[in-house]
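# Structural features, examined
These are the residues of each chain, in order.
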Amino acid sequence: SESKLWGGRFTGGLDPLMQAFNDSLSFDKRMWRQDLRGSRAYATALVGAGLLTEAEASELHRGLDLVAAEWQSGSFVPAPSDEDIHTANERRLKELVGAPAAKLHTGRSRNDQVATDIRLWLMDYLSDELLPQLRRLINTLVSRAESETGVLMPGYTHLQRAQPVRWSHWLLSYASMLRRDCQRLADCRARTAVCPLGSGALAGNPFGVDRQALADALGFTSGVTWNSLDAVADRDFASEFQFAAAMIGNHLSRLAEDLILFCSKEFGFVTLSDAYSTGSSLMPQKKNADSLELIRGKTGRLCGHLVSLLMVQKSLPSAFNKDLQEDKEGLFDSADTVSAVVRIADGVVATLTVHPEACAGALSCDMLATDLAYYLVRRGVPFREAHAASGRCVALAEAKACQLHQLTFEDFRTVSEKFGEDVTQLWDFETSVEQYGAFGGTALESVRQQVAAFRRWLGDE
Ligand code: ARG
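Residues numbered from 1 in each chain as written. Predicted model: local features only at pLDDT ≥ 70, side-chain atom pairs only at ≥ 80, totals over all residues.

Further remarks concern the pairing of strand β2 (residues 160–166). Sheet topology places strand β1 (residues 152–157) next to β2; six bridges connect them, and they run antiparallel. Within β2, the position partnered with Tyr156 by the bridge is Arg161. Linkage of β1 to β2, two consecutive antiparallel strands, is achieved through a turn of two residues, within which His158 is found at a positive phi near 55°. (Pairing = 2+ DSSP bridges. Helix = DSSP H or I, 4+ residues; strand = E, 2+ residues; numbered from the N terminus.)

In this section: the site of the ligand. With respect to spatial proximity, the complete set of residues near the ligand consists of Ser24, Asp28, Asp84, Arg110, Asn111, Val114, Phe320, Lys322, Leu324 and Gln325. Grouping the constituent residues of the shell around the ligand by class yields three nonpolar, three polar and four charged. Looking at which domains feed residues into the shell around the ligand, each of domain 1 (7–106) and domain 2 (111–361) gives three or more. (Near = placed C-beta within 6 Å. Nonpolar A, V, L, I, M, F, W, Y, C, P; charged D, E, K, R; others polar. Domains from an automatic or database assignment.)

Turning to unusual backbone geometry, a few remarks are in order. Positive phi is not limited to glycine here, since Leu159 has a value of about 65°. If you trace the backbone, Leu159 turns up in the loop between β1 and β2.

The next thing to look at is the nonpolar core. If you look at the biggest cluster of nonpolar residues, it comprises 100 residues, and the most contacted ones within it are Leu141, Ala175, Leu214 and Ala345. Considering each element in turn, this core owes the most residues, 15 residues, to helix α6 (residues 110–147). Dropping the residues within four chain positions of it, Ala175 is found in contact with Ile138, Leu141, Val142 and Phe454. Counting 16 residues, the second largest nonpolar core, distinct from the first, contains Met367, Cys393, Leu404 and Phe419. (Core = buried A, V, L, I, M, F, W, Y, C linked by C-beta atoms within 7 Å. Buried ≥ 20, exposed ≤ 12 C-beta atoms within 10 Å, placed from the backbone. Contact = placed C-beta atoms within 7 Å.)

Partitioning the protein into domains gives domain 1 (7–106), domain 2 (111–361) and domain 3 (365–459). Placing the centre of domain 1 and that of domain 2 at their C-alpha centroids yields a distance of 32 Å. Residue assignment for the side of domain 1 that touches domain 2 shows that the elements contributing at least two residues are α2 (25–28) and α3 (32–48). Here the residues of the side of domain 1 that touches domain 2 sort into eight nonpolar, seven polar and four charged.

Before going further, it helps to examine the packing of helix α14 (residues 369–377) against helix α15 (residues 383–399). It is at 8 Å that the axes of α14 and α15 come closest, and there the two elements cross at 135°. One way to sum up the angle between α14 and α15 is to call them oblique. Here α14 and α15 pass one another in a crossing that is right-handed. Counted together, Ala369, Leu372, Ala373, Leu376 and Val377 of α14 and Phe383, Ala386, His387, Ala389, Ser390, Cys393 and Val394 of α15 form the full contact between these two elements. Along the lines of polarity and charge, the residues of the contact of α14 with α15 split into ten nonpolar, two polar and no charged. (Axes fitted to C-alpha atoms, helices over the stretch in contact; angles between N-to-C directions. Parallel < 35°, antiparallel > 145°, perpendicular 65-115°, else oblique. Left-handed = near helix turned anticlockwise from the far one by under 90°.)

Below you can see the structure in the form of structure tokens.
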């Protein structure tokens, strides 16, 4: 235990199983950049506090760059005493620059250090990876919606054919969900961008480091944490991210489920590109939507990680407890998983083929029974009465074993004298969708307005 950074009060060594149990380097080394950045800023802060000379700080900065270069090139060699990324980096720094390294941790604790590192890591990940990936997917959905407005398909509720809608409208429904996810993540990032460095182990910093300067140097744009006891144990930001990631999974699992149905022979609305499909080792005819099934399946992991992190925090006593080391594996796995899910969904949507005739072929006139009621409403019949009259027309068609549009004018008149001759002209799906012109509806103009709204939103962020 001599070699351990906390070894002073110990005489016995760790049980090997405990050593492995306690280790987090295997996964928190992923934050090496953020850990070194935090140390660089902290060295500068110690100069400001009069605890390091400029010369010592530049020695530390030089050493930190050397450690970074080792991680970058893959030549960093962990020592058995390295329990985590913080101890590993500090140990190596000491080997490289000697004496000044022993001053770096003055007033700092791994507790404020790890909280700083995770926040920086998540901020980088959101800005550099997930948010651009999500925006690309939204852009793909919007571009398809813009160029395929002519395709009509059944809209479903309860998976029963309900009313005709534009394929573009369906695409934009998912773009809408993902836009909320972007907003949620931007929000989460803003609450993540608060600097906990300078909180020490739990009580604060006794050397008067300039915490605002630390926050500025590290890109914590939302300022500094207000309370050190809270700051070292606060993982709200990670929990919020886990929720947002699970929500993205939920949204894309619904997209996946729709498309799995749509690419079945029974629907035949779309064909997935070969790039996102797989075959069967037994049945030569099979083309399976494995990409979409995996998106659906991986959502289970995302939801699981959210619940794990909430459970880790539940009933924790005040300030840091080692339980919190369990925050990171789920965080990294959710980040990797949700990024893969978003990128695969983007590829699937960008490359699938839609079959307009099959989509239109699935429309049937019973889906216009609502229009029949609206026809009467436009002739002054209260909606509830109109709904009942339309229902009687549906029953009449059933009794005559024909389709709704095959009823004659005389048939309609037996149900209501409000029907005019033009009721027999009602059976046009294009005319039907064009009724829904209020913003947010499925009429062509409304869909175009939605596209324009998305384009503005994508442009101005
Ligand atoms: N490896 C720890 C973690 O992942 C760092 C903090 C350890 N602090 C402590 N006092 N043991 O959370």
